[in-house]
Amino acid sequence: ECHALKRILTQSTMIFSEGYIAYNSRALTEAIGTTKANNTATFYDCRSLRKFTFGEESAAVASQMFYQCYSLKELTLPSKIASIGAQAFYRCETLKKLKFLPTTPPTVENANAFGGIPASCVVEVPVGTLAAYQAETNYATIAAQMVEVES
């Protein structure tokens, strides 16, 4: 609950420790770091987070990682992301673009992972992977929003 912290800029190889790192932060606007499956609720309820950059070695979007990040507009998931936890993007109501770089759709823990993402959000997937993403379990809530793009 650091209400004055504005930025967390680590080396892209630094791994965030387990969960709730920036829970309920009100001023945090930008963060960079590597993530893994146990980083549960890292940015839970961050009202000002606008930009997050995953480190290249990031392997997962943890459960509730961006839960209620009301200011997050755009997010790119790097190619090594293999799993997305429950409610990872739940209530990210201002998200305009979610870009997937993995050529194999990451496993999604449950259908609530994308709950609350607006219908206007564009979900980009690599060329040649649209059918695989749309058919993958727990992507149904965003399947109609998917478009193929060059990486």
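Look up a bit, the structure's there.
(A) Geometry of the overall build of the protein. The secondary structure content of the protein amounts to one helix and ten strands. Scanning the protein from its N terminus toward the C terminus, one meets helices and strands in the order β-β-β-β-β-β-β-β-β-α-β. Looking at the protein as a whole, 52% of its 151 residues qualify as buried. Once local pairs closer than 6 in sequence are excluded, the contacts in the protein between residues at least 24 apart make up 35%. Carbon and sulfur atoms make up 49% of the accessible area of the protein, which totals about 7000 Å².

(B) Geometry of the pattern of salt bridges. Counted under the stated rule, the structure contains six salt bridges. Here D45 and R47 are joined by a salt bridge, their closest N and O atoms 2.7 Å apart. The exposure class assigned to R47 is partly exposed, which follows from its relative accessible area of 34%. Through salt bridges with shared partners, a single network forms among E74, K97, K99 and E124.

(C) Inspection of the sheet that holds strand β8 (residues 107-108) at higher detail. Taking strand neighbours across the sheet as the criterion, the three strands line up as β4-β6-β8 in an open arrangement whose pairing is parallel. Edge strands, defined here as strands with exactly one partner in the open sheet, are β4 (60-61) and β8. Two elements, strand β6 (residues 83-84) and β8, share two bridges in a ladder whose sense is parallel. From the neighbouring strand, S83 faces β8, where its bridge partner is T107.

(D) Quick look at the pairing of strand β3 (residues 51-54). Alternating positions in β3 separate cleanly, F52 and F54 being buried on one face and K51 and T53 remaining unburied on the opposite face. Bridge count between strand β2 (residues 30-33) and β3: four bridges; the pairing is parallel. Residue E30 lies in a different strand from β3, and its bridge partner there is K51.

(E) Unusual backbone geometry, seen in detail. With phi around 55 degrees, Q87 is a residue other than glycine that occupies positive phi space. Summarising the element assignment, Q87 is placed in the loop between β6 and β7 (97-100). The backbone phi angle of N138 is positive, close to 75 degrees, even though this residue is not glycine. In this fold, N138 is placed in the loop between α1 (130-135) and β10 (146-149).

(F) Layout of the packing of aromatic side chains. A complete count under the given rule lists 14 aromatic pairs for this structure. Measuring from ring centre to ring centre gives 5.2 Å for F43 and F52, while their planes differ by 55 degrees; the resulting arrangement is tilted. Across the pair, F52 and F43 agree in class, each one buried. Between F89 and F114, the aromatic rings sit 5.8 Å apart at their centres with planes inclined by 5 degrees, giving stacked as the arrangement.

(G) A look at the environment of C92. Looking at where C92 falls in the secondary structure, it is placed in the loop between β6 and β7. Residue C92 is classed as buried on the basis of its relative accessible area of 0%. When the C-alpha atoms of C92 and S71 are compared, they prove to be 7.7 Å apart, with 21 residues separating the residues in sequence. Contacts of C92, omitting those with residues within four sequence positions, involve F66, C69, G116, I117 and P118.

Basis of the calculations
- Residues numbered from 1 in each chain as written.
- Predicted model: local features only at pLDDT ≥ 70, side-chain atom pairs only at ≥ 80, totals over all residues.
- Heavy atoms only, no water.
- Helix = DSSP H or I, 4+ residues; strand = E, 2+ residues; numbered from the N terminus.
- Buried < 20%, exposed > 50% of the residue type's maximum accessible area, 1.4 Å probe, protein only.
- Contact = heavy atoms within 4.5 Å.
- Areas by Shrake-Rupley, 256 points an atom, 1.4 Å probe, with all protein chains shown as cover.
- Salt bridge = Lys/Arg side-chain N within 4 Å of Asp/Glu carboxyl O.
- Pairing = 2+ DSSP bridges.
- Phe/Tyr/Trp six-rings, centres within 6.5 Å; stacked < 30°, edge-to-face > 60°.

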